[in-house]
Amino acid sequence: TKYPLLKYAKTTYSASFPLTVTTHRSKKTTVSTSTMESRLLLRATVTGVPQLRRPIGAIHRQVSTASSFTAFAKLIGSVGEGGNLISGRQLRPILLLDSSPEKREILKPVRAAAGDSAGEAKVGFLGKYPWLVTGFFFFMWYFLNVIFNILNKKIYNYFPYPYFVSAVHLFVGVVYCLLSWSVGLPKRAPIDSNLLKVLIPVAVCHAIGHITSNVSFAAVAVSFTHTIKALEPFFNASASQFLLGQSIPITLWLSLAPVVLGVAMASLTELSFNWLGFISAMISNISFTYRSIFSKKAMTDMDSTNVYAYISIIALIVCIPPAIIVEGPQLLKHGFSDAIAKVGMTKFISDLFWVGMFYHLYNQLATNTLERVAPLTHAVGNVLKRVFVIGFSIVIFGNKISTQTGIGTGIAIAGVALYSIIKAKIEEDKKKGKTA
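Remember, predicted model here, so these are calculated numbers, not experimental data. Per chain, residue numbering runs from 1 following the sequence as it is written. Totals for whole chains, interfaces and linings use every residue, but because this is a predicted model, local features are given only for residues with pLDDT of at least 70 and side-chain atom pairs only at 80 or more, for both listing and counting. Side-chain metrics in this entry use all non-hydrogen atoms of the structure; hydrogen atoms and water are not considered.

A. Fine view of the environment of Ile413. Mapping Ile413 onto the fold places it in helix α16 (residues 403-435). For Ile413, a relative accessible area of 11% gives the class buried. Only DSSP runs of H or I reaching four residues or more are called helices, and only runs of E reaching two or more are called strands; each is numbered from the N terminus. When a residue's accessible area, from a 1.4 Å probe over protein chains only, is under 20% of the maximum for its type it is buried; when over 50% it is exposed; and in between it is partly exposed.

B. View of the layout of surface pockets. Volume-wise, the second largest pocket comes out at about 250 Å³. Definitions used for this entry: grid spacing 1 Å over protein atoms alone; cavity, a set of points where a 1.4 Å probe fits but cannot get out; pocket, an open set with protein on both sides within 12 Å along at least 5 of 7 lines; lining residue, one with an atom within 4 Å of a point. Around the second largest pocket sit 13 residues that line it, and Phe164, Ala167, Val168, Ala323 and Ile324 are the ones nearest its centre. Looking at the lining of the second largest pocket, the elements with two or more residues in it are α7 (162-182) and α13 (304-343). Ranked by residues supplied to the lining of the second largest pocket, first place goes to α13 with 8 residues. Polar here means any residue other than Ala, Val, Leu, Ile, Met, Phe, Trp, Tyr, Cys and Pro, which are nonpolar, and Asp, Glu, Lys and Arg, which are charged; Gly is therefore polar. Among the residues forming the lining of the second largest pocket, the class breakdown is 12 nonpolar, 1 polar and no charged. Grid points are joined across faces, edges and corners, and a volume is the space filled by probe spheres set on the points.

C. Structural detail: the nonpolar core. The definition of a nonpolar core used throughout is a set of buried Ala, Val, Leu, Ile, Met, Phe, Trp, Tyr and Cys residues joined through side-chain atoms within 4.5 Å. Judged by nonpolar contacts, the single largest core of 42 residues is most densely connected at Trp141, Ile155 and Phe159. Among the elements of the structure, α6 (130-158), α7, α8 (193-219), α13 and α14 (345-372) are those that each provide at least two residues to this core. In terms of residues, this core owes the most to one element, α6, which gives 12 residues. What makes two residues a contact is simply this: any of their non-hydrogen atoms within 4.5 Å. If we skip the residues at most four places from it in the chain, Trp141 touches Tyr362, Leu365, Ala366, Thr369, His378, Gly381, Asn382 and Lys385. Within the second largest apolar cluster, 21 residues are counted, among which are Leu256, Ala281, Met282 and Tyr419.

D. How the structure looks around unusual backbone geometry. Leu185 connects to Pro186 through a cis peptide bond whose omega is 0°. Secondary-structure assignment places Pro186 in the loop between α7 and α8.

E. Molecular detail of the pattern of salt bridges. Between Lys or Arg on one side and Asp or Glu on the other, a salt bridge is scored when a side-chain nitrogen of the former is within 4 Å of a carboxyl oxygen of the latter. For the structure on display, the rule yields 1 salt bridge. A salt bridge links Lys347 to Asp351; the nearest nitrogen and oxygen atoms lie 3.3 Å apart. With Lys347 and Asp351 both in helix α14, this residue pair falls 4 residues apart, about one helical turn. Under the relative-accessibility criterion, Asp351 is labelled buried at 8%.

F. Fine view of the packing of α8 against helix α12 (residues 275-297). Fitted lines through C-alpha atoms give the axes, limited to the stretch in contact for helices. The angle between two N-to-C directions lies from 0 to 180 degrees. Two elements in contact, α8 and α12, have axes whose closest approach is 8 Å; the angle formed by their N-to-C orientations is 160°. In this view, α8 runs roughly antiparallel relative to α12, as classed from their interaxial angle. Crossing angle aside, the handedness with which α8 passes α12 is left-handed. The segment α8 lies against α12, with Pro201, Val202, Cys205, His206, Ile208, Gly209, His210, Thr212, Ser213, Val215, Ser216 and Ala219 engaging Leu276, Gly277, Ser280, Ala281, Ile283, Ser284, Ser287, Phe288, Tyr290, Arg291, Phe294 and Ser295. Here the contact of α8 with α12 is built from residues that sort into 12 nonpolar, 11 polar and 1 charged. Working definition: roughly parallel below 35 degrees, roughly antiparallel above 145 degrees, roughly perpendicular at 65 to 115 degrees, and oblique for all remaining angles. Should the near helix be turned counterclockwise from the far one by less than a right angle, the crossing is left-handed, whereas a clockwise turn marks it as right-handed.

G. Looking closely at the side chain of Ser267. With respect to the helices, strands and loops of the structure, Ser267 is situated in helix α11 (residues 250-268). Overall, the relative accessible area of 12% leaves Ser267 in the buried class. Non-local contacts of Ser267, meaning those with residues more than four positions away in its chain, are made with Phe224, Phe273 and Phe278.

H. Representation of the environment of Ile283 within the structure. Counting through the fold element by element, Ile283 comes out in helix α12. Taking the relative accessible area as the measure of exposure, Ile283 reaches 38% and is therefore partly exposed. Considering only alpha carbons, one finds Ile283 and Ile211, 72 residues apart in sequence, at a separation of 9.8 Å.

I. Summary view of the packing of α7 against α8. It is the contact of α7 with α8, at a shortest axis distance of 9 Å, that shows an interaxial angle of 130°. By the angle between their axes, α7 is oblique relative to α8. Where α7 crosses over α8, the handedness of that crossing is right-handed. In contact with Pro162, Tyr163, Ser166, His169 and Leu170 of α7, α8 contributes His206, His210, Ile211, Asn214, Val215 and Ala218.

J. Focus on a nonpolar patch on the surface. Patch rule: a residue counts if its relative accessible area is over 30% and it has no salt bridge; like charges are joined within 9 Å, and nonpolar side chains (Val, Leu, Ile, Met, Phe, Trp, Tyr) within 5 Å. For the accessible areas, the method is Shrake-Rupley and the probe is 1.4 Å, while residue cover comes only from the protein chains on display. Taken together, the side chains of Val380, Leu384, Phe388, Phe392, Val395, Ile396 and Ile421 define a hydrophobic patch exposed on the protein surface, amounting to about 580 Å² of accessible area. Along the chain, Phe392 falls in helix α15 (residues 375-397).

K. Geometry of the confidence of the model for the chain. Across the chain, pLDDT averages 76, with 70% of residues at or above 70. Considering only residues more than four positions removed or in separate chains, one finds that residues 1-54, a stretch of pLDDT under 50, has 111 contacts. Every residue carries a pLDDT, the predictor's confidence in it, which falls somewhere between 0 and 100.

L. Summary view of a positive patch on the surface. Together, Lys296, Lys430, Lys431 and Lys434 line one region of the surface with positive charge. Its place among the elements puts Lys430 in helix α16. According to the relative accessible area criterion, Lys430 is exposed, its value standing at 55%. His is not counted, nor are the chain ends, whereas Lys and Arg count as positive and Asp and Glu as negative. Working definition for charges: the position is that of NZ of Lys, CZ of Arg, CG of Asp or CD of Glu.

As structure tokens, then:
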């Protein structure tokens, strides 16, 4: 030929993106710059195709037999952006330079289009109906919390050992966490000594608050315990003002006045009132207040599911010694035997298992719900949850309440709702001020 040193190869791509190279004899015309860009010098090497460098005679024979060979090369960029880079040169498929629509149709990435449409459908569903997912979280949070409180009180009616039952709650939750980690749902986050040091105070307060709450549940009506626990915002505000030195707006203090008044009214005429239940519920409020304080100091990048799992493990270790010391002798003497005689071994074990599952899941769902909604929405939801629990417990157990107790409970719940709304708005305004 007239150009013995320049032998070129056309490059084409199939739908699954293999690189097909066919050789041919160059024409006796001047090669333009665009044509040079669309062809590959025979000196270039393609990974996996060592036969590309061939004698000129071999190329002549290949032209006569119209044979071809295929090599696979990793694409850099999409086909529409100009193809591939091989040996530092960008190759532009000759099909893109051809005006034939039939040839251009070959380059359509069918699989990618299918995947994109599927992804759009998935994102579209979540974007179109987010309230369904959030509503499901709220429903399950309420449902599990109500079922836990009812089943928990039923257990105390025939097995009044709150220290042991509290440990069972945490034990079932820990087993659930370990099984979830074993299957990778979720994956266990590693923990170091520094994180462990900040989580231990949170877990200890969680354990104390959990035990004292159950002591109150066993001693008095569920509705009365939840009415007393409505004072928790008052203890939170007091701790923030006097222990942390944070300034609490006067509006928050005023919103707490009906909470204190309502709890006092309900306590004076509560038919199931006793000092053990009242004091235990108050200690629970104080413990959970300190848990909130330590939680703020223990902020971590670890997801909430793993954090709660580690807190449950530590809290279980804290709960076991009191259960053995306070209730161990009684349990071995007649506690277990009396419960089994009343309801049977199967129901006794199944009740303990399910109450532990409901306890762990409702707490985990409460945390997950908080991550999905604004603080104001979660605060209102938390108040409504307490209303649901009090209402269902009165209906299920047939607890008789006086008119004054009912009015006091309503005033306390209304005060908590007002406090939660004001506090959530203040926090949102702070966030907006920081981002502005």
